[in-house]
Amino acid sequence: DKQQKREQEASAEMNKDTSMAMNVLMIFARIFGVLFCLYFFLVGIELMGSAFKVLGGKGAGNMFRDIPNGLAALMVGVLATVMVQSSST
């Protein structure tokens with residue numbers, strides 16, 4: 001009877017230790033997950049900024065020059081502005 005009680009107490013103590021270790025592991029996993037997502041968010045922002053620099057240079061000028069109709073060029077400009085503004089808010 002006493003032996004069984006000691007085994008139950010030891011088992012309960014082991015469960016507490018395991019539960020504590022799992023909690024610590026989950027905290028580290030969440031912190032790592034947040035940092036991982038933040039890193040890829042910042043990399044994406046950097047890539048998007050680089051792409052806009054390329055498009056804002058000679059690429060944008062060539063795009064508008066190749067459109068023969070002035071109204072169509074205006075619509076392309078409006079569309080590009082809408083896309084940039086919607087992605088920044």
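What comes next is a walk through the structure. All of these numbers come straight from a predicted model, not from anything done at the bench. For every chain, the first residue of the written sequence is number 1, and numbering continues from 1 along that sequence. Given that this is a predicted model, residues contribute local features only at a pLDDT of at least 70 and side-chain atom pairs are listed and counted only at 80 or more, while totals for whole chains, interfaces and linings are drawn from all residues. By convention in this description, side-chain values take in all heavy atoms of the structure and omit both hydrogens and water.

Regarding the overall build of the chain
Okay, so step 1: Each helix and strand in the chain was counted, giving two helices and zero strands.
Okay, so step 2: Looking at the chain as a whole, 3% of its 89 residues qualify as buried.
Okay, so step 3: Here the open area of atoms and residues is found with the Shrake-Rupley method and a 1.4 Å probe, where only the protein chains shown may cover a residue. For the chain, the accessible area works out to roughly 8000 Å², and carbon and sulfur atoms hold 70% of it. Secondary structure elements are defined from DSSP: runs of H or I of at least 4 residues count as helices, runs of E of at least 2 residues count as strands, and each element is numbered from the N terminus. Note on exposure labels: buried denotes an accessible area under 20% of the residue type's maximum, exposed denotes more than 50%, and partly exposed covers the range between, all computed with a 1.4 Å probe on protein chains only.

Quick look at the packing of aromatic side chains
Okay, so step 1: In summary, the pairing rule links any two rings of Phe, Tyr or Trp, Trp by its six-membered ring, whose centres are within 6.5 Å, and it sorts them by plane angle into stacked for under 30 degrees, edge-to-face for over 60 and tilted for everything else. Evaluated as defined, the whole model comprises three aromatic pairs.
Okay, so step 2: Aromatic side chains F36 and F40 sit 4.8 Å apart centroid to centroid with 70 degrees between the ring planes, which places their arrangement in the edge-to-face category. On the criterion of helical spacing, the pair formed by F36 and F40 is a turn pair, its members being four residues apart in helix 1 (residues 2-65).
Okay, so step 3: A residue is classified by how much of its surface remains accessible, and F36, at 44% relative accessible area, is partly exposed.
Okay, so step 4: The partly exposed category is assigned to F40, whose relative accessible area is 47%.
Okay, so step 5: Note on Y39 and F40: the rings are 5.3 Å apart at their centroids and 80 degrees apart in plane angle, and the pair reads as edge-to-face.
Okay, so step 6: Through a chain of ring-to-ring contacts, the aromatic side chains of F32, F36, Y39 and F40 assemble into a single cluster.

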